[in-house]
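# Working through the structure, step by step
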Amino acid sequence: MDRFLQAHCVPFLDGNAGLFQAPPERVESRWGTWWISCAAVWVPRTLRAPMMEKESDSMLPPSVYERLGLARVREKVLAGERLNLEEGLRLLECPDLLAVGALAHQVRTRLHGPTTYYVVNQHINYSNICVNGCRFCAFARERGRPGAFELSVEEILQKVRERLHDPITEIHIVGGCHPDLRLDTFERLLREIRRIRPGVRLKAFTAVEIDHFARLEGISTRAVLERLKAAGLDMLPGGGRRSSARASDACSVRTS
Ligand code: SF4
């Protein structure tokens, strides 16, 4: 599982807050391995005000941001103003992660105080069999090779049932681009999980899997998403494969 996440998880921009959201961090608990990621919550303004003054003290010196060409970005962050696209891109390209992190921390604490909230999720890989042969990938296996696995719908549902006593709020399902598993299998899976555990958020299938389903079914990626959404899908996880032909040639080898 660790290897798979290394291949598929990438940082991304949170469009609501203009912050970086890091890939999930693993936490060992008495329930086993949990995957957590930050979630935003509302905190009354009266509780935020004292925190805002205190947190602005934790910012790095202005000279740091001047040197990085981010002085205006820093000003806007401290003033609670929204950044524009060009400023967001400058943050994305900034080599000083601490400087960007200090800005993000300031915004986060202004919005949510000193409390950090988490999504508690159950991570399920339905298969590591994949028709793609990305050179960087240590997760995928060819069918029939040692280490290759494939769970049936019932086996996946059993994993969900085994965790019904845990306070899971999100189920995260991903796998390789399997040569035979068809879209109706995953529609049935999502519907069954919805029935067994209503209320849980279903985060499943990276973009590369969606593209793969579309090719298998001979339909558009939009149609795939519409069908999965109708079956209960709430969101896609981050990750997935490169999209340009040039990057594809550089990173991928076919296994067949
Ligand atoms: S598409 Fe397949 S081979 Fe490529 S990274 Fe994902 S699981 Fe690995």
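Residues numbered from 1 in each chain as written. Predicted model: local features only at pLDDT ≥ 70, side-chain atom pairs only at ≥ 80, totals over all residues.

## Overview of the overall build of the protein
Within the protein one finds 11 helices and seven strands. Here the protein holds 256 residues, and the buried ones make up 25% of them. (Helix = DSSP H or I, 4+ residues; strand = E, 2+ residues; numbered from the N terminus. Buried ≥ 20, exposed ≤ 12 C-beta atoms within 10 Å, placed from the backbone.)

## Comments concerning the packing of helix α9 (residues 207-217) against helix α10 (residues 221-231)
One way to put it is that α9 packs onto α10 with a least axis distance of 8 Å and a crossing angle of 105°. The orientation of α9 relative to α10 falls into the category roughly perpendicular. Where α9 approaches α10, its residues I210, D211, F213, A214 and E217 are matched on the opposing element by T221, V224 and L225. Partitioning the contact of α9 with α10 into residue classes produces five nonpolar, one polar and two charged. (Axes fitted to C-alpha atoms, helices over the stretch in contact; angles between N-to-C directions. Parallel < 35°, antiparallel > 145°, perpendicular 65-115°, else oblique. Contact = placed C-beta atoms within 7 Å. Nonpolar A, V, L, I, M, F, W, Y, C, P; charged D, E, K, R; others polar.)

## Observations concerning the site of the ligand
In the region of the ligand, 12 residues are neighbours, and C130, N132, C134, C137 and A140 sit closest. Considered class by class, the residues forming the shell around the ligand number eight nonpolar, three polar and one charged. (Near = placed C-beta within 6 Å.)

## Quick notes on unusual backbone geometry
Positioned with a positive phi, F205 is a non-glycine residue whose angle comes to about 70°. Take F205: there are 25 C-beta atoms within 10 Å of it, and that puts it in the buried class.

## Remarks on the environment of E150
Considering the arrangement of structural elements, one finds E150 in the loop between β5 (117-125) and α7 (153-162). A tally of 17 C-beta atoms within 10 Å means that E150 is categorised as partly exposed. Between the C-alpha atom of E150 and that of G176, which follows or precedes it by 26 residues, the distance is 9.8 Å. If we ignore the near neighbours within four places in the chain, the residues touching E150 are S127 and I129.

## Some remarks on the nonpolar core
The biggest cluster of nonpolar side chains holds 18 residues, and the ones touching the most others in it are I171, I173, L190, L202, A204, L228 and L233. Looking at this core, the elements with two or more residues in it are β6 (170-174), α8 (183-196), β7 (201-204) and α10. Per-element tally for this core: the top contributor is α8, with four residues. What I173 contacts, discounting residues up to four positions off in sequence, is I124, Y126 and A204. (Core = buried A, V, L, I, M, F, W, Y, C linked by C-beta atoms within 7 Å.)

## Focus: the confidence of the model for the protein
The predicted coordinates should not be examined in detail at positions where pLDDT is low. In the predicted model, the protein carries a mean pLDDT of 79, and 70% of its residues have values of at least 70. In this model residues 1-53 is a low-confidence stretch, pLDDT under 50, and it forms 82 contacts with partners more than four residues away in sequence or in other chains. (pLDDT = per-residue confidence, 0-100.)

## A short note on the pairing of β5
By the bridge criterion, five bridges tie β5 to β6 in an arrangement that is parallel. Bridge pairing in β6 links H123 to H172. After leaving β5, the chain enters α7 and then returns to the sheet as β6, a path that is right-handed. (Pairing = 2+ DSSP bridges. Right-handed = clockwise from strand over helix to strand, strands pointing away.)

## Quick word on α10
Buried residues of α10: V224, L228 and A231, and no others. For α10, the angular spread of buried residues about the axis comes to 55°, placing them on one side. Structural note: α10 exposes R222 and A230 on the side pointing more than 90 degrees away from its buried face. Looking at the buried residues of α10, the elements they touch are α8 and α9. Trailing α10 by a residue or two, G232 shows a phi angle of about 125°, which is positive. (Arc of directions from axis to C-beta.)

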